[in-house]
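Structural characterization, general
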Amino acid sequence: MSYRFEWDVVFNADMVTIVTIGLRYTLIVSFLSLIFGNCVGLIAAVLRISGKPPLPQLAYIYIDFFRTTPALVQLIWIFYVLPIIAGIDLSPIAAGVIALSLNAGAFLAEVFRAGIESIGKGQRDATFVLGLSRFQSFVHVLLPQALRRVLPATGNVLISLIKDSALLTTIAVPELTYQFQTDVARTFRPLELYTALAVMYFLLTYPLSLAASALERRYRVT
Amino acid sequence: MSDRPDHAEPAGAAAVRERSTGRPAIELVRVSKAFGQRLVLRSLDLAIGEAEVVVVIGGSGSGKSTLLRCIAGLELIDDGEIRIEGTPVQRAASRRRNRGLLRAAGLLRQEVGMVFQHFNLFPHMTARQNVALALRLVRRMPRQEAGAVAEAMLQRVALGSYRDAYPDQLSGGQQQRVAIARALAMHPRIMLFDEVTSALDPELVGEVLKVMRQLATEGMTMIVVTHEMGFARDVADRVLFMDQGAIVEAGDPEAIFVAPQHTRTRAFLSRLLER
């Protein structure tokens, strides 16, 4: 190999700033998308199992569309096309969070739905004979059990979102990948910088995957 | 059960009760129910009196669980009428496609308690929380009071010290007793038991039957679907044998078990007793 790695471009004072800013945006975007994604996913799951047309069909269209198109395409569409159609202004971060939330939400909707449906019919029978309304039975009995089933999946969704947050560099959100790309343009040292970037993502997601496995073991549903 | 505090009852229950004293607790008039093509209840007529304990026996598929579920309102009948304490709760006519629980059913749902074969306790709640939930949500009792009533109910089924245990920490017999306490907390006048000991290890069956016997002596109207013949002989006022959706034979427990009239009854009992 004739290339000489010179790591001074990575291990210097500027890098601290770059990483700090980049990390901040990466984490903010990922966590916001996780929260909104869960909300959207739960709503979509409830609509799907509600059985009152056209709600299940609408939910199904949403879920299907966001699971079968590339996240990058969804992101570009929401940033460039949606504002024109809807006549609104979308900052890059807003567009990024919306796109990632809808994307994660579609996946989570299926997880929630499976979680809710996996709760035996007997639970609903019991709430019925006790006199609970359908709403009460959902909120106090079904949802808590569904959440316990969904919790292990949440760790993996967060990891997924952290990785997908890199896509936001295409719409100039100053997250980690964008910061490194800018630095590469400045220093012309892509090998060292992109290697460092990959390591950074690994350091972010690996502890999370360990935590997610631990969560899965603890909340395993017998 | 005349010792209910006033605010524990739904507003209309007293009026309903006044209207219907002296009437049979449960009446089924020409009740039919089909699942798809399969006729599970065939034009059943049945009247059960207050404080009567009726045991229903029969093979699987005979319709006995469906009978209980229709009375509880979990299944909608396709024909006939079900009345609780004189008030119709379900009415259907197969010619017209109207099925559904009548408005009165909402109130009267609380008059009927049900215990299931697989307990159906809420796994994310302690025993006390399980028992108190309906009191808080349906009777709108404040948390403290609901908790106190729940504890009293658990004492009644001899599980007072387990009030903070989760279902997965309890044995089958204990879980079933919690389920009974949960149903009793709503002070129902009628209790339905759907094979409540069938899923239990044999040594745990006795503790549940003990609670049920006690309820019977206290004057609860009970319909019990069971295979426990000893219980039926001791406790039942009347035994019904069901087969293929109809009540084939009905009568005194001694009469049914010692001298069954119908060939199908005899066949069922001999199959059961030879195990």
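What you see is a predicted model, and the numbers here were worked out from it, not measured in a lab.

1. Quick look at the overall build of chain B
Secondary structure assignment for chain B yields ten helices and ten strands. Residues classed as buried in chain B amount to 57% of the 275 residues present. Here the analysis covers contacts within chain B between residues at least 6 apart in sequence; of these, 65% occur between residues at least 24 apart.

2. Overview of the interface of chain B and chain A
Contact residues are listed per partner, giving 23 residues for chain B and 17 residues for chain A. Taken together, both faces of the contact between chain B and chain A bury some 1800 Å²; the carbon and sulfur share is 65%. Among the residues chain B hides against chain A, the three largest losses belong to Arg109(B), His124(B) and Leu137(B). Together they make up 34% of the total. At the boundary of chain B and chain A, one finds one salt bridge.

3. A closer look at the sheet that holds strand S4 (residues 79-84) of chain B
Residue and element names in this part refer to chain B. Taken in spatial order, the four strands make up an open sheet running S2-S1-S4-S5, and their pairing is antiparallel. Only two strands of the sheet have a single partner each, and these edge strands are strand S2 (38-48) and strand S5 (87-92). When the angles between neighbouring strand axes are averaged without regard to direction, this sheet yields 20°. Of the strand pairs in this sheet, strand S1 (residues 26-35) and S2 are connected by seven bridges, and their pairing is antiparallel. Its bridge partner lying in S2, phenylalanine 35 is registered against arginine 38.

4. Details of the packing of aromatic side chains
Inspection of every chain in the model, using the stated rule, returns five aromatic pairs over all chains. On the numbers, 4.9 Å between centres and 75° between planes, the contact of Phe79(A) with Tyr80(A) is edge-to-face. Between the aromatic rings of Phe241(B) and Phe268(B), the centroid separation amounts to 5.2 Å while the plane-to-plane angle is 35°, which identifies the pairing as tilted. Residue Phe241(B) is located in strand S9 (residues 238-243), and its partner Phe268(B) is located in helix H10 (residues 263-273); the two are separated by 27 residues in the primary sequence. With respect to class, Phe241(B) is no different from Phe268(B); both count as buried.

5. A look at the packing of helix H1 (residues 13-50) of chain A against helix H4 (residues 92-117) of chain A
Residue and element names in this part refer to chain A. Packing of H1 against H4 brings their axes to within 5 Å, and their N-to-C directions diverge by 45°. By the angle class used here, H1 and H4 are oblique. Two packed elements cross with a definite hand, and for H1 against H4 that hand is right-handed. For the contact of H1 with H4, the class distribution of residues is 17 nonpolar, six polar and four charged.

6. A look at the nonpolar core
All names here are of chain B. Among the nonpolar cores identified, the biggest contains 104 residues, and Ile57, Ile180, Met191, Leu192, Phe193, Met212 and Met222 are the most heavily contacted of them. The element contributing the most residues to this core is helix H7 (residues 202-217), with eight residues. Filtering out sequence-adjacent residues up to four positions away, isoleucine 57 remains in contact with Lys64, Thr226, Met229, Val239, Leu240, Phe241, Met242, Phe257, Phe268 and Leu269.

7. What to know about the packing of H1(A) against helix H7 (residues 176-187) of chain A
All names here are of chain A. Close contact between H1 and H7 brings their axes to 7 Å; oriented N to C, the two are set at 150°. As far as their axial angle goes, H7 and H1 are roughly antiparallel. Mapping the contact onto sequence places Asp14, Met15, Ile18, Val19, Ile21, Gly22, Leu23 and Thr26 in H1 and Leu176, Gln179, Phe180, Asp183 and Arg186 in H7.

8. Remarks on the environment of Glu218(B)
Residues and elements named next belong to chain B. Structurally, glutamate 218 is set in the loop between H7 and strand S8 (221-225). Given a relative accessible area of 41%, glutamate 218 falls into the partly exposed group. Between the C-alpha atoms of glutamate 218 and glutamate 207, which are eleven residues apart in sequence, the distance is 17 Å.

9. Some points on the pairing of S4(B)
All names here are of chain B. Two elements, S1 and S4, share five bridges in a ladder whose sense is antiparallel. Looking at S4, one finds that serine 32 is bridged to aspartate 79. With five bridges connecting them, S4 and S5 associate as antiparallel partners. The partner of glutamate 81 across the bridge, within S5, is arginine 91. The hairpin turn running from S4 into S5, its antiparallel successor, is two residues long, and glutamate 85 in that turn takes a positive phi close to 50°.

10. Topic: the environment of Val131(B)
Its place among the elements puts Val131(B) in helix H4 (residues 127-137). If we skip the residues at most four places from it in the chain, Val131(B) touches Ala150(B), Met153(B), Leu154(B), Val178(B), Ala181(B), Arg182(B) and Ala185(B).

11. Section: unusual backbone geometry
Cis geometry marks the peptide bond from Pro53(A) to Pro54(A), where omega comes out at 10°. Within the element layout of this structure, Pro54(A) appears in the loop between H1 and helix H2 (55-68). With phi around 50°, Glu85(B) is a residue other than glycine that occupies positive phi space. Backbone geometry places Phe119(B), a non-glycine residue, at a positive phi of 65°.

12. Observations regarding the pattern of salt bridges
Side chains that differ in sign of charge can pair as their charged atoms come close. All told, the structure shown has 22 salt bridges over all chains when counted by the stated rule. One salt bridge connects Arg213(B) with Asp234(B), and the closest N-O pair in it is separated by 2.9 Å. Of this pair, Arg213(B) sits in helix H7 while Asp234(B) sits in helix H8 (residues 229-235); the two residues are 21 residues apart in sequence, bridging distant segments of the chain. Residue classification places Arg213(B) among the partly exposed positions, given a relative accessible area of 32%. When salt bridges that share partners are traced, they join Arg48(A), Glu110(A), Arg113(A) and Glu117(A) into one network.

Quick notes on the rules
Along each chain, residues carry numbers from 1 onward, in the same order as the chain's sequence is written. A letter from A marks each chain and a number from 1 marks each ligand, given out in the order of writing. In view of the model being predicted, local features appear only for residues whose pLDDT reaches at least 70, and side-chain atom pairs are presented and counted only at 80 or more, with totals across whole chains, interfaces and linings using the full set of residues. Only hydrogens and water are set aside when side-chain values are computed; all heavy atoms of the structure are taken into account. Working definition: helices are DSSP H or I runs of at least four residues, strands are E runs of at least two. Numbering for both runs from the N terminus. Working definition: with a 1.4 Å probe on protein chains only, accessible area under 20% of the residue-type maximum means buried, over 50% means exposed, and in between means partly exposed. It only takes one pair of heavy atoms within 4.5 Å for two residues to be counted as in contact. Defined in terms of a 1.4 Å probe, buried area is the accessible area two parts forfeit on being brought together, summed over both. Here a salt bridge means any side-chain nitrogen of Lys or Arg lying within 4 Å of a carboxyl oxygen belonging to Asp or Glu. Whether two strands pair depends on DSSP finding at least two bridges between them. With axes taken as lines fitted to C-alpha atoms, and helix axes fitted only over the stretch in contact, angles between N-to-C directions fall between 0 and 180 degrees. Only rings of Phe, Tyr and Trp enter the pairing, Trp through its six-membered ring, and a pair is recorded when the two centres are within 6.5 Å. The plane angle decides the type: under 30 degrees is stacked, over 60 is edge-to-face, the rest tilted. For classification purposes, angles smaller than 35 degrees are called roughly parallel, those larger than 145 roughly antiparallel, those between 65 and 115 roughly perpendicular, and all remaining angles oblique. For any pair of crossing helices, the crossing counts as left-handed if the nearer helix is rotated counterclockwise from the farther one by less than a right angle, and right-handed if it is rotated clockwise. Side-chain classes are defined by residue name, with Ala, Val, Leu, Ile, Met, Phe, Trp, Tyr, Cys and Pro counting as nonpolar, Asp, Glu, Lys and Arg as charged, and the others, Gly among them, as polar. By nonpolar core we mean a set of buried residues, namely Ala, Val, Leu, Ile, Met, Phe, Trp, Tyr and Cys, connected to one another through side-chain atoms within 4.5 Å.

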